[in-house]
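# Coordinate analysis (summary)
Here are the chains, one letter per residue:
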Amino acid sequence: MDFILDPFRSVYDMSTGSALAKALIALALSFVLCTIITLVYRATYQGNRYSQSFAHTIIIMGVVVSLIMMVIGNNVAVAFGLVGALSIIRFRTAMSDPKDIAIIFFSMAVGIACGLGYYLVAILFALTVSLIIYLLSRFQFGQQPPRQILRIVIPETVSYNGLFDDILGNYAKHFELIGVETVNLGTAFQLEYSVQLHNLKDMKEMLDQIRERNANLKVSVQLVPRTDR
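Residues numbered from 1 in each chain as written. Predicted model: local features only at pLDDT ≥ 70, side-chain atom pairs only at ≥ 80, totals over all residues. Heavy atoms only, no water.

In this section: unusual backbone geometry. Phi is positive for Gln140, which is not a glycine, with a value near 50°. Even without a glycine there, the phi angle at Asn216 is positive, about 60°. Examined against the element boundaries, Asn216 turns out to sit in the loop between helix 8 (203-213) and strand 4 (219-223). (Helix = DSSP H or I, 4+ residues; strand = E, 2+ residues; numbered from the N terminus.)

Turning our attention to the packing of helix 3 (residues 52-72) against helix 5 (residues 98-115). Direction vectors running N to C along helix 3 and helix 5 enclose 30°, while the axes themselves pass 7 Å from each other. Here the hand of the crossing between helix 3 and helix 5 comes out right-handed. Residues Phe54, Thr57, Ile58, Met61, Gly62, Val65, Ser66, Met69 and Met70 of helix 3 lie in contact with helix 5, whose contacting residues are Asp100, Ile103, Ile104, Ser107, Met108, Gly111, Ile112, Cys114 and Gly115. Of the residues belonging to the contact of helix 3 with helix 5, the class tally is 11 nonpolar, 6 polar and 1 charged. (Axes fitted to C-alpha atoms, helices over the stretch in contact; angles between N-to-C directions. Left-handed = near helix turned anticlockwise from the far one by under 90°. Contact = heavy atoms within 4.5 Å. Nonpolar A, V, L, I, M, F, W, Y, C, P; charged D, E, K, R; others polar.)

Moving on, we come to the pairing of strand 2 (residues 172-183). Of the pairings in the sheet, the one linking strand 2 to strand 3 (residues 188-197) comprises 10 bridges and is antiparallel in character. Bridged to Val183 within strand 3 is Ala188. Hairpin connection from strand 2 to strand 3: 4 residues lie between these consecutive antiparallel strands, with Asn184 at a positive phi of about 55°. (Pairing = 2+ DSSP bridges.)

So far we have only geometry, and geometry alone does not tell us how the molecule works.
Below you can see the structure in the form of C-alpha cells.
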C-alpha cells in the first residue's frame, strides 16, 4: 500500500508553503531562461522555415520538465512511471535540423536544473550556452563557402577534356566537372561544373573568355544558395 501512496504523499508534501514557494520560483526561472533561449534561437535562425510553434515548444518544454523534476524528487516509482508514459509518445514531425534538437535538449537541461533547485547553475548554463550559440552564428563558424554551378555548351566536335581548366583555374578557388550531357538533338555537349569563384565581380570577364573558346554558345552560372537549414 505504501508503494501506491508514496507518489501522492510527495505531491502533498510539495503543497506546503515552503515547497510551493520553491516550485513557483523554479517555474518562473525556467520560464524566463527558456524565453531567453527562444530569443537567441530566433535571432540566430538562418533558414526559411521558422516556426512560431517550435519557439513556443522551447519554453513549454523547459517549464514542463522543471515541474516533472519537482514531482519526481527522489521517488523511483514515479520516475519509472513517467518513463513508461513518455515511451508511448510519438512525434508526427521529424526535426530535419540537428540544431533544433540541440535547442530542445538545451531547454530541457535548464528545466532539469531549475526543477532540482540548482538555480545559479541554471542561470550560468543558460547564459553561457546562449552566448556560445550567438557567437557561432555571428561569426558563421563552420559555414561552407558559397559555390556556383557553371554550364557551358560546346560543339560536339570539340574535346571537352581540360578545355576550360586554365580559365577556371584563374577565376575559381576550386572547380570540378560534375556532369556532361548532349543537347540540341545531339549536336552539342553541355558541361556542368561546380565552382567556387574568387570574386563574383570577375564573373563577366570569365564568361567572356569562355565564350571565345566555346564558339559563343550558351554559358550560364547558377548561384547556389547556402543550405544552412
